[in-house]
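Each chain is listed here by its residues.
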Amino acid sequence: MPASAVPLSPSRPSLLDTLAHAAVERACTAFRQEAGNEAGPPVLVDATLGNGHDAAFLLSCAPPGALVLGVDVQPRAVQAAAERLRAACDARPDCRVQIFCRDHEELPEIWAALPPEERERPLLAAVFNLGWLPGGDKSCLTRADSTLAALDFLLERLMPRGCLSVHCYTGNDGGPEEEKAVLRRAAVLPPRRWRVIRCADANREPAGGRAESLILMERLPVSRRKG
Ligand SMILES: C[S@@+](CC[C@H](N)C(=O)[O-])C[C@H]1O[C@@H](n2cnc3c(N)ncnc32)[C@H](O)[C@@H]1O
């Protein structure tokens, strides 16, 4: 079913989720047009699997033969995501999905344990949806230190035209600090190599309320000089 035909629930995908998904879709389109045949099937990562909505989206728009990795530290989330992903997997038998009940700061180990042919694949997209599991334990929140460790690993691997998105909840406890840490990291990415965009609520208090922001990082293609 094309994304435009999926019925919208009142809360999902939110406006920022939709922007994050559009950025991933753009990377997938660029991959199909430019890199598809040379680079081999790519990897897409959901670093905060939660209830599996974002991972199901990644799978729906992944280029043929892609590997989708999902990571969440909570068994309850991994179970919910596995259930949601069952139907999505049936619709994409060409792709492989692997989910891990681990802290995303362990992504280097997770990646290193992939079969050799998969660990050589290019990373096309990665998404973080920070905070807690909707409907779950609010004390199990993402933390700036592990978010940054995972982010650094993924930024290093991201291919040109690839996209990394971080959906921040600045109204959560620790949310403003976590967003600042991600922004500090994003701000030092060289502008000739990266496009970084932040989109944030303009009419909500940044802390203590329900404010959110989205940070998108796109690795730019290396331009080939003519002549
Ligand atoms: C907002 S939810 C993610 C929503 C999800 N992307 C979806 O589509 O339903 C945030 C998730 O991050 C997970 N989480 C918190 N700390 C984590 C960590 N250090 N490593 C991996 N996942 C973590 C939580 O368990 C929670 O399920």
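For the structure itself, consult the block above.
Note that the structure is a prediction, hence the values are computed from the model and not measured.

Colleague: So what exactly am I meant to see when it comes to the pattern of salt bridges here?
Modeller: Opposite charge on two side chains allows them to pair when their charged atoms are near. Evaluated as defined, the whole model comprises ten salt bridges. Between Glu118 and Arg96 there is a salt bridge, with the nearest N and O atoms lying 2.7 Å from each other. In this pair, Glu118 sits in helix α5 (residues 116–119) while Arg96 sits in strand β3 (residues 96–100), placing the two residues 22 residues apart along the sequence. Using a relative accessible area of 7% as the deciding quantity, one classes Glu118 as buried. Residue classification places Arg96 among the partly exposed residues on the basis of a relative accessible area of 33%. Where salt bridges share partners, they join Asp103, Glu105, Arg143 and Asp145 into one cluster.

Colleague: Looking at this structure, how should I read the packing of aromatic side chains?
Modeller: Where two aromatic rings form a pair, the distance of their centres and the angle of their planes describe that pair. Counted by the stated rule, this structure contains one aromatic pair. Summarising the aromatic geometry, the rings of Trp111 and Phe153 are spaced 5.9 Å apart at their centres and angled 70 degrees between planes, so their arrangement reads as edge-to-face. Highlighted residues: Trp111 in helix α4 (residues 107–112) and Phe153 in helix α6 (residues 144–157), separated in sequence by 42 residues. By the burial criterion, Trp111 is buried, and Phe153 matches it.

Colleague: Can you walk me through the nonpolar core in this structure?
Modeller: A general trend in soluble globular proteins is that nonpolar side chains are found buried together. Counting 30 residues, the largest nonpolar core has Val45, Phe128, Leu154, Leu164, Val166 and Met217 as its most contacted members. Contributing elements (two or more residues each) for this core: β1 (43–46), β2 (67–71), α4, β4 (123–129), α6, β5 (158–169), α7 (175–187) and β7 (212–219). A per-element tally of this core places α6 first, with five residues. The residues touching Val166, leaving out its near neighbours within four places in the chain, are Phe128, Leu130, Leu151, Val182, Ser213, Leu214, Ile215 and Met217. Of all hydrophobic cores here, the second largest spans 29 residues; its members include Cys61, Ala66, Ala81 and Met159.

Calculation notes
- Residues numbered from 1 in each chain as written.
- Predicted model: local features only at pLDDT ≥ 70, side-chain atom pairs only at ≥ 80, totals over all residues.
- Heavy atoms only, no water.
- Salt bridge = Lys/Arg side-chain N within 4 Å of Asp/Glu carboxyl O.
- Helix = DSSP H or I, 4+ residues; strand = E, 2+ residues; numbered from the N terminus.
- Buried < 20%, exposed > 50% of the residue type's maximum accessible area, 1.4 Å probe, protein only.
- Phe/Tyr/Trp six-rings, centres within 6.5 Å; stacked < 30°, edge-to-face > 60°.
- Core = buried A, V, L, I, M, F, W, Y, C linked by side-chain atoms within 4.5 Å.
- Contact = heavy atoms within 4.5 Å.

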